[in-house]
Amino acid sequence: MPKITGKQILAALMKDPEYSAQPASVLAVTDPFMLGIPEALKDHLDNVVTLATLMDAKIAFLRYLVDNEYVKKVVAAMPKDSFGLMDAKEVAEMMLDAMGQVIEIFAEVVKDVPTFLEALEITEEQMMVQALNPNTLKLYKTGTLTIAVVLKMQPMVIVKNSK
């Protein structure tokens, strides 16, 4: 298993303004989950990155969050004015539902990545160009990028699910 620590992942996440800009109360709940990523993804860390292995890691990450009640904890830590007209329970239910849908979609895509890419009329490399920064992409192109390295260099690729 590659040597990667939760502290390394968290340090990389804190360099990303989208992650570090969260309210302190949310970070206090989120950070322990991020520290637990190496254990949660231990079966994925050595995998060379392809679209399939990256999606498998994202699925495992999402399941880790769901299994450990991440949504319930993070919603409870959110400022009360962040919910708009909804209450915390509704927000949590929506987030859990969205995570479940992402897991289902990714699981279907992973079953047949070539057909998925063909339907989009895009190559895997073109997809990766959209997701990876130039330094990470260079390693991908040489076939030396692993999930562990992604977590060290660009963890939001796995942590964030909207791109």
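Coordinates for the structure precede this section.
Let's shift gears to the overall build of the protein chain. Within the protein chain, the secondary structure is distributed over twelve helices and zero strands. Listing every helix and strand of the protein chain by position from the N terminus yields α-α-α-α-α-α-α-α-α-α-α-α. For 163 residues, the compact-globule formula gives about 15 Å, and the C-alpha radius of gyration of the protein chain, at 16 Å, lands near that figure. Taking as baseline every contact in the protein chain between residues at least 6 positions apart, the subset at least 24 positions apart corresponds to 68%. Only carbon and sulfur atoms are counted for the fraction: they give 58% of the accessible area of the protein chain, which is about 9,200 Å². When the 16 basic and 21 acidic side-chain charges of the protein chain are each reduced to a single mean position, those positions are 9 Å apart.

To continue, consider the nonpolar core. The biggest cluster of nonpolar side chains holds 51 residues, and the ones touching the most others in it are Met34, Phe61, Leu151 and Ile158. The dominant element in this core, judged by the number of residues it contributes, is helix 5 (residues 51-67), at ten residues. Beyond its immediate chain neighbours, meaning those up to four positions away, leucine 151 contacts Ile4, Ile9, Ala12, Ile37, Leu41, Leu45 and Ile158.

This brings us to the packing of aromatic side chains. The description of an aromatic ring pair uses the distance of the two centres, along with the angle that the planes make with each other. According to the stated counting rule, one finds three aromatic pairs in the structure shown. The interplanar angle of 65° and the centroid separation of 6.0 Å between the aromatic rings of phenylalanine 33 and tyrosine 64 together place this pair among those described as edge-to-face. Remark: tyrosine 64 occurs in helix 5 and phenylalanine 33 occurs in helix 3 (residues 24-35); sequence separation between them is 31 residues. For tyrosine 64, a relative accessible area of 15% gives the class buried.

The next subject is the environment of alanine 77. If you trace the backbone, alanine 77 turns up in helix 6 (residues 70-77). Once residues lying within four places of it in the same chain are set aside, the contact partners of alanine 77 are Ser25, Val26 and Val29.

Between helix 3 and helix 6, the shortest axis-to-axis distance is 7 Å and the interhelical angle comes to 160°. Considering their axes alone, helix 3 and helix 6 lie roughly antiparallel with respect to each other. Of the two possible hands of crossing, helix 3 and helix 6 adopt the one that is right-handed. Contacts from Ser25, Val26, Val29, Thr30 and Phe33 in helix 3 reach Tyr70, Lys73, Val74 and Ala77 in helix 6. Partitioned by chemical class, the residues of the contact of helix 3 with helix 6 number six nonpolar, two polar and one charged.

Here the focus is the pattern of salt bridges. Evaluated as defined, the whole model comprises four salt bridges. A salt bridge links glutamate 39 to lysine 42; its shortest N-O distance comes to 2.8 Å. In this structure, the salt-bridge partner of lysine 141 is glutamate 125, at a minimum N-O distance of 3.5 Å. Pair noted here: lysine 141 is in helix 10 (residues 134-142) and glutamate 125 is in helix 9 (residues 124-131), with a separation of 16 residues, a long-range link. The class of glutamate 125 is partly exposed, set by a relative accessible area of 38%.

Cut-offs and rules
- Residues numbered from 1 in each chain as written.
- Predicted model: local features only at pLDDT ≥ 70, side-chain atom pairs only at ≥ 80, totals over all residues.
- Heavy atoms only, no water.
- Helix = DSSP H or I, 4+ residues; strand = E, 2+ residues; numbered from the N terminus.
- Rg over C-alpha atoms; globule rule 2.2 N^0.38 Å.
- Contact = heavy atoms within 4.5 Å.
- Areas by Shrake-Rupley, 256 points an atom, 1.4 Å probe, with all protein chains shown as cover.
- Lys, Arg positive; Asp, Glu negative; His and termini not counted.
- Charge placed at Lys NZ, Arg CZ, Asp CG, Glu CD.
- Core = buried A, V, L, I, M, F, W, Y, C linked by side-chain atoms within 4.5 Å.
- Buried < 20%, exposed > 50% of the residue type's maximum accessible area, 1.4 Å probe, protein only.
- Phe/Tyr/Trp six-rings, centres within 6.5 Å; stacked < 30°, edge-to-face > 60°.
- Axes fitted to C-alpha atoms, helices over the stretch in contact; angles between N-to-C directions.
- Parallel < 35°, antiparallel > 145°, perpendicular 65-115°, else oblique.
- Left-handed = near helix turned anticlockwise from the far one by under 90°.
- Nonpolar A, V, L, I, M, F, W, Y, C, P; charged D, E, K, R; others polar.
- Salt bridge = Lys/Arg side-chain N within 4 Å of Asp/Glu carboxyl O.

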